[in-house]
Amino acid sequence: MTNSISCVEQTGCILLIGSNTTEQHPLIGTRIINAVKKGMKLIVADNRKIRLAEIADMHIRLENGTNVAFLNGLMHVIIKEGLADDEYVKTRTENYDELKAIVEEYTPERTAEICKITPEEVVNAARMYSAPEAAMIVYCMGITQHSHGVDNVKSCANLAMLTGNVGKAGTGVNPLRGQNNVQGACDMGALPNVYTGYQKVVDEASRAVFEKAWGVENLPGNVGLTVTTAINAACDGQLKALFVLGENPMMSDPDQHHVKTGLENLDFLVVQDIFPTPTTALADVVLPAACYAEKDGTFTSTERRVQRVRKACDPPGKARQDWEIVGDIAKRMGYDGLTYNSPEEIMDEITRVTPIYGGMQYDRIDQVGLQWPCPDREHPGTPFLHKGTFKRGLGLFGPASYMPPMELPDEEYPFLLATGRCYFHFHTGTMTRRTRLLDREERFPYVEINLDDAKRLGIYDRFPVMVSTRRGEVKALARVSDVVVPGHLFMTFHFEEAAANALTNNALDPVAKIPEYKVCAAQVRRAS
Amino acid sequence: MKRAKTEELKTFFESLSDKYDLRVPVKLHDGTRVLGSLSEGEFAIEGGKIPQKPTSVFFPQFDEMFVVTDGDVAMAKPPAKPIMVVGMTAEDLDCLEFIDKFFAENFRDNIYYNKRDGSVVVGVSGRCGKDGEFMKIAGGKCDIELISDGECFIVHPYTDKGEGLVEKLQADECGCGGVHMEALRKESDALPKEDEETVDKASELIRQGKVTDEFWDEIATRCIACTSCNLACPTCTCFEVYDRERDGKMVRQRIWDSCQLDGFMREASGHNPSGKQLQRTRRRIHHKLAADVERWGHRTCMLCGRCDEVCPTEIGIKSVCREIVKRFS
C-alpha cells in the first residue's frame, strides 16, 4: 500500500476494485464498514455481489477483465468535467498528454459497452471518486490476476495521480496483500530481479554492496525466472531442479496438468513445508519446517509495517526453522555465510544492506512495528509514500489501452470462470482444511452460478455439477445465487478433490508474469 | 481480616504453587494480561478483568474426553494438581456460578468437574480496575475475594477452604473493625447500573416480541463471522466433538464451537435452521436474553463486556442492547 490502513478513517471516498475485503482482509473490511457508517462514500467495482456491495453507495458490476476500460472511462469523465487536480498534474507528474490522448476514446458510452454497465455508472463513479479532498483506491487480486494485470495497476495509479490522490493521508493506490508476510518476502528479495529492499540485481552498484557484505565475488547480474515461467521452463526441460519453500504450486498455479508435467519433468524437486501437500507428494526430498506459531522473526504487513512475531511453542518432530534449513544447505554446498545464531542476527544484517529497513533493529520494533522506508535509527517510519515528490521525481502516467482477456467465453465454453478464495479457507487449504471448524464451514468444493443460468440448465442449489474448461474438468456442488451475474461462474482453489486450478488458463501478464486467474472460458452441466 | 500488599499476595500464591496448578493474572512481554503461572510473566493482579474468558481454566478451548487404544477406553482424568484461579471479577463469578449449574444439569459433566472439583477460586474487586476504576465487590461466589482499597487488598475468605488458605498468608490484620470494608461496600453499591438496566430492558423488549427482523438483519449485515463474541464469552458453553487418530490412538476431543458459524446447526442433509446470518445474529442475543430467561429464570449475559470489546464491528451484546432500547422502547 502507498498508504496506511488507518487512512480508511481519513478518506472521503474509497474506490474498491477487485477486493472482497470483508472475506479476505476482514479487519480492513471492518474499518471500511465503520467508515461508511460515518459517512465515507464507497464505490464497489466488482462483478460479484460481495458483502461490501450491500452497504456501498455504488455497486458497479463490471465484466471481469475490463478494468482498464473502466478506469480509463473514469479518467475520461474527470478530464472532460474539469474534475482533475490540475495543479498536481502540472507540478507532480509527467506524460499527461499521452494519458489524455488515450483516455479520450473512453467515452462513458464506449466504456459502458465494454464493461457491460451503464454510462451513468461511469459518470457517477467518476464524480464520486474525484469529489472529496482525499480519496483512496483499494484493490486486490481482481486487479492483478489478469493477462493485463500491470496495465490495471498502472491505470489505478493514473487515476489516483490525475486527481492528486497520491502522497497524502487518506489517499493512495492500495493493494491489499494476500498473505501474512508476502510483503516481507518481496521486501527481502524473494523475487527474481531484486535483492532486499528492491535493489536491482542488474545494477552493478547493488551487486557490489552484497558481494562485500557476503564476502563473495561475481554475483550473477541476470534476472531469474518467476514462479510461473519456472514451471514453463520445467515443462520445456530447461529447468532441472526446483527448491520450493512454503508453496503448493500443484494447487495454486494455473493449469494443474501443466504444473504436474513440469514438476515431474524435473531431475530434482525439494519441498519445504509444514504439512504434506499435493506438491510434497511429487518431491524427491521433503524438508519439514516450523509454522508461524513456532518461529521468531518478523512479518511485514500490507501497510509495509515490519512487526515482530514470537515463538509460542516448539516445532514438532524434526521440523526446523526455515533460516536454519537454508543455512545448513548452503553450508553443505560450501558456503558458511548463511549460518546465523538467531533471527535477530539476520535482522541486523538486513538493516545493514537494506536502506529502507535501515532503522528496523529489534529494539525499535519490540512492541509496535515500523513502516518502511525507515532508513536510520532516528527515523519514525513512513505512513504514506511519495509525500512531496515521487521516488523517481515526477509521477509518470503510464496510460494503457483496453485489451481483452486471453480466453473469453465462446459457444463451446459459454461461461466466464473466475477463481478466488472464501472466508473460511486460506489459499490451498494446507492449514485450514486441517482445522476442524473451518473445514466444517466449507466442506465441499462449490461453484457459484447465477439463478437464471441454473434454471436454464436444470441445476439446483447444492446439486453436483461438472465444470470444465479446455484444461480439465472437476466436480463441485452448485451454489445458486445472485452473487455472480448471469454468464459467470466463481470457484475457490482450496479443494484438492476439485482443484479449480485444473481449469484455469496459464496465460501470463507479459511484464509481471502473473496468471489470468480471473478470466477463462468454462462450461457447466449437471453431473450424471 | 488481613490486608495484604501486592508483593505479599505474590509471595502467598508462589508458596501455593507446589500444591496447586496456579492460574494468576500475569503480564506477557507484549503487555497482554492473561491467566498463567508466575513464571510466565509479571504478577499483574491490578488492571481489571482478564481479556480472555477466565472460565476457560475449567472449560478450555480444547479438551480431551477419552482415548481409545486397542479397544481400551481411558476416560479423561482429573488434573494431577487442583486448579487455583485468581483474578475473577464479580461478573466473572456470576458467569462461573452459571456454568457450574449448566454443566451439572441433567447429568454431571465429568470433564468439566474433573477440573472444577477441588479447585480454588479467588475473586478480585475494589479500586484495582483498568486505570484505577472501581470494580464491583462480589461478596461471595468464590473461596477468597481480594478487595483493593487503592493501596492494599483486604483478603476476604468466604469458604472453609478459603479460610484455611488465608491463614498461611503473611500479612497484617486490617485492624479497623470492619469500617474500612463497609466504606468499600458502599462504594460498590453506588456503582452506576446503566448497563444492567439497558440489558434488562432489551431483554424485556425481545421477550415481548418488539424487536423486528429488519433490526436483526441490519445488525447481521455488520457481522463478519469472526466468532470472537463466542470465544470471549464466559457463559458460552457450546462445543463440537471430534476424533483424532494419532500414533495408533484415537482421541476424542471437544473444542469450543460458535453459533455464529453456518456449520453450527447445519444438518447432514445440508438443511440449516440457522442458515442465514440474520438468524445466527438474532440467536446469539436471544439465547442469553430471552431463551435462557425462560429456562433458568435469569439472563445469562452477566455484563462482563468482553464481546463488546472484541467485536470489530461494534455489535457486542451491550452495543446491540443500547440500539434495541433506543429504537423499540
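Because the structure is a prediction, the values reported are computed rather than measured. Residue indices begin from 1 for each chain and proceed along its sequence in written order. Starting at A for chains and at 1 for ligands, labels are handed out in the order in which the entities are written. In keeping with the model being predicted, local features are shown solely for residues with a pLDDT of at least 70 and side-chain atom pairs are shown and tallied solely at 80 or more, while totals for entire chains, interfaces and linings include all residues. To obtain the side-chain values, all non-hydrogen atoms of the structure were used and water was disregarded.

1. Considering the overall build of chain B
The secondary structure listing takes helices from DSSP runs of H or I that are at least 4 residues long and strands from runs of E that are at least 2 residues long, numbered from the N terminus. Each helix and strand in chain B was counted, giving eleven helices and 13 strands. For chain B, the C-alpha radius of gyration of 21 Å lies close to 20 Å, the compact-globule estimate for 329 residues. Considered along the principal axes of its C-alpha atoms, chain B spans approximately 65 × 60 × 40 Å. A burial count over chain B gives 52% of its 329 residues as buried. Here chain B has roughly 15600 Å² of accessible surface; of this, 48% comes from carbon and sulfur atoms. Here the radius of gyration uses the C-alpha set of atoms, whereas the globule reference equals 2.2 Å times the residue count to the power 0.38. Buried, partly exposed and exposed residues are distinguished by accessible area as a fraction of the type maximum, computed with a 1.4 Å probe on protein chains only: under 20%, between the cut-offs, and over 50%, respectively. The method behind every accessible area is Shrake-Rupley, applied with a 1.4 Å probe, and residues are considered shielded solely by the protein chains displayed.

2. What to know about the interface of chain A and chain B
Here a residue-residue contact requires only that any non-hydrogen atoms of the pair lie within 4.5 Å. Counting residues at the interface gives 20 residues for chain A, matched by 25 residues for chain B. Buried surface at the junction of chain A and chain B, summed over both partners, amounts to about 1900 Å²; 48% is from carbon and sulfur atoms. Of all residues in chain A, R51(A), R436(A) and R440(A) bury the most surface against chain B, accounting for 28% of the area lost on that side. By definition here, a salt bridge exists when the distance from a side-chain nitrogen of Lys or Arg to a carboxyl oxygen of Asp or Glu is within 4 Å. Seen at the junction of chain A and chain B, the total is three salt bridges. The partner of D257(B) in a salt bridge is R440(A), and the shortest N-O contact between them spans 2.6 Å. Under the rule applied, a polar contact is a pair of N or O atoms within 3.5 Å (in protein, one hydrogen donor and one hydrogen acceptor; residues adjacent in sequence only if both atoms are side-chain atoms). Linking chain A to chain B there are 13 residue pairs in polar contact (both at pLDDT 80 or more). Once two parts are brought into contact, the accessible area they lose, counted with a 1.4 Å probe and summed over both, makes up the buried area.

3. Quick word on the sheet that holds strand β14 (residues 415–420) of chain A
Strands belonging to one sheet form pairs held by backbone hydrogen bonds; the direction of such a pair is parallel or antiparallel. Strand order in the closed barrel made by the six strands is β14-β18-β15-β17-β16-β21 (chain A), with mixed pairing throughout. For this sheet, the mean angle separating the axes of adjacent strands, direction not counted, is 45°. Strand pairing is assigned whenever DSSP identifies at least 2 bridges connecting the two strands. For helices, the fitted line uses only the C-alpha atoms of the stretch in contact; every axis is such a line through C-alpha atoms, and the angle between N-to-C directions lies from 0 to 180 degrees.

4. Some details on the domain arrangement of chain A
All names here are of chain A. Domain start and stop points were drawn from an automatic or database domain assignment. If you check the domain split of chain A, you get domain 1 (5–176), domain 2 (182–371) and domain 3 (415–526). Look at where the C-alpha atoms of domain 2 and domain 3 centre, and you get two points 30 Å apart. Opposite the 17 residues of domain 2 that make contact, domain 3 presents 21 residues. Counting each side, the surface lost to burial between domain 2 and domain 3 is near 1600 Å², with a carbon and sulfur contribution of 63%. Counting across the domain 2 and domain 3 interface gives zero salt bridges. Here domain 2 is connected to domain 3 by eleven residue pairs in polar contact (both at pLDDT 80 or more).

5. Let's talk about a nonpolar patch on the surface
Each patch is built from residues lacking any salt bridge and having more than 30% relative accessible area; the joining distance is 9 Å for like charges and 5 Å for nonpolar side chains (Val, Leu, Ile, Met, Phe, Trp, Tyr). On the surface, F275(A), Y292(A), F426(A) and M431(A) cluster together into a nonpolar patch covering about 360 Å² of accessible area. Tracing the chain through its elements places F275(A) in the loop between β8 (268–273) and β9 (285–288).

6. A few points about the environment of R320(A)
All names here are of chain A. Mapped onto the elements of the fold, R320 is located in the loop between β11 (305–309) and α16 (322–332). In the structure, R320 is positioned 48 residues away from Q272 in sequence and 10.0 Å away in space, judged by C-alpha atoms. Non-local contacts of R320, meaning those with residues more than four positions away in its chain, are made with P288, A289, A290, I325 and D328.

7. Observations regarding the domain arrangement of chain B
Residues and elements named next belong to chain B. Assigned domains within chain B: domain 1 (2–189) and domain 2 (194–328). Centre-to-centre separation of domain 1 and domain 2, based on C-alpha positions: 26 Å. Listed by partner, the interface residues are 32 residues for domain 1 and 32 residues for domain 2. Summing both sides of the interface, domain 1 and domain 2 together bury roughly 2900 Å²; the carbon and sulfur share of this comes to 62%. The largest per-residue losses of area from domain 1 upon contact with domain 2 belong to K53, F59 and F98, which jointly make up 23% of the total buried on that side. The tally of links from domain 1 across to domain 2 stands at four salt bridges. Its salt-bridge partner being E309, residue K49 comes within 2.9 Å of it at the nearest N-O pair. In this structure, the connection of domain 1 to domain 2 is made through 19 residue pairs in polar contact (both at pLDDT 80 or more). Those elements that place two or more of their residues in the side of domain 1 that touches domain 2 are β5 (62–69), α2 (90–104) and α3 (110–116). With nine residues, α2 is the largest single contributor of residues to the side of domain 1 that touches domain 2.

8. So, the sheet that holds β11(A)
Residues and elements named next belong to chain A. Spatial ordering of the open sheet is given by β10-β11-β12, a layout of three strands whose pairing is antiparallel. The sheet is open, and its two edges are formed by β10 (297–300) and β12 (370–371), each paired on a single side. Bridging between β11 and β12 involves two bridges; their strand directions are antiparallel. By the bridge assignment for β12, V306 is matched with L370.

9. A few points about the packing of helix α6 (residues 194–207) of chain B against helix α11 (residues 317–328) of chain B
All names here are of chain B. α11 packs onto α6 with a crossing angle of 65° between their chain directions and a minimal axis gap of 8 Å. With respect to the hand of their crossing, α6 and α11 are arranged in left-handed fashion. Residues D195, T198, V199, K201, A202, L205 and I206 of α6 lie in contact with α11, whose contacting residues are K318, C321, R322, I324, V325 and F328. In the contact of α6 with α11, the residues fall into eight nonpolar, one polar and four charged. By the definition used in this description, the sense in which the near helix is turned from the far one sets the handedness, with an anticlockwise turn below a right angle giving left-handed and a clockwise turn giving right-handed. The residue classification treats Ala, Val, Leu, Ile, Met, Phe, Trp, Tyr, Cys and Pro as nonpolar and Asp, Glu, Lys and Arg as charged. All others, Gly included, are polar.

10. Quick notes on the packing of aromatic side chains
What counts as a ring pair is set by centres within 6.5 Å for rings of Phe, Tyr and Trp (its six-membered ring), and what kind of pair is set by the plane angle: stacked under 30 degrees, edge-to-face over 60, tilted for all other angles. Following the criterion strictly, the structure yields 21 aromatic pairs over all chains and no others. The interplanar angle of 80° and the centroid separation of 5.2 Å between the aromatic rings of Y460(A) and F463(A) together place this pair among those described as edge-to-face. A centroid spacing of 6.3 Å and a plane angle of 70° characterise the contact between F58(B) and Y112(B), whose relative ring orientation is edge-to-face. Pair noted here: F58(B) is in the loop between β4 (42–43) and β5 and Y112(B) is in helix α3, with a separation of 54 residues, a long-range link. Each member of the pair, F58(B) together with Y112(B), is buried.

11. Observations regarding the packing of helix α7 (residues 213–221) of chain B against helix α9 (residues 277–296) of chain B
All names here are of chain B. Axis separation between α7 and α9 bottoms out at 8 Å; the angle between their running directions is 100°. By the criterion of interaxial angle, the relationship of α7 to α9 is roughly perpendicular. Contacts between α7 and α9 involve D213, W216, D217, I219 and A220 on the former and, on the latter, Q277, L278, T281, R282, I285 and H286. Broken down by class, the residue content of the contact of α7 with α9 amounts to five nonpolar, three polar and three charged. For this classification, under 35 degrees means roughly parallel, over 145 means roughly antiparallel, 65 to 115 means roughly perpendicular, and everything else is oblique.

12. As for the side chain of N67(A)
Mapped onto the fold, N67(A) is located in helix α4 (residues 67–80). Not counting residues up to four positions away in its chain, the partners in contact with N67(A) are I17(A), L62(A), G142(A), I143(A), H146(A) and N152(A).

13. Points about the pairing of strand β19 (residues 505–508) of chain A
Residue and element names in this part refer to chain A. Both faces of β19 are covered, namely the face carrying N505 and A507 and the face carrying N506 and L508. By the bridge criterion, two bridges tie β19 to strand β20 (residues 515–516) in an arrangement that is antiparallel. Looking at β20, one finds that N505 is bridged to E516. Where β19 folds back on β20, the antiparallel hairpin that results is connected by six residues, among which K513 adopts a positive phi of roughly 65°.

14. Quick look at the pattern of salt bridges
Within the structure shown, the criterion is met by 54 salt bridges over all chains. A salt bridge links E407(A) to R471(A), with the shortest nitrogen-to-oxygen separation between them at 2.8 Å. On the criterion of sequence distance, the pair formed by E407(A) in the loop between β13 (395–396) and β14 and R471(A) in the loop between β16 (464–468) and β17 (473–481) is long-range, its members being 64 residues apart. In this structure, the salt-bridge partner of R254(B) is D109(B), at a minimum N-O distance of 2.9 Å. Taken together, the positions of R254(B) in strand β13 (residues 249–256) and D109(B) in the loop between α2 and α3 put the pair 145 residues apart, joining distant regions of the chain. For D109(B), a relative accessible area of 6% corresponds to the buried category. Here the salt bridges do not stand alone but share partners, grouping E407(A), D410(A), R470(A) and R471(A) into one network.

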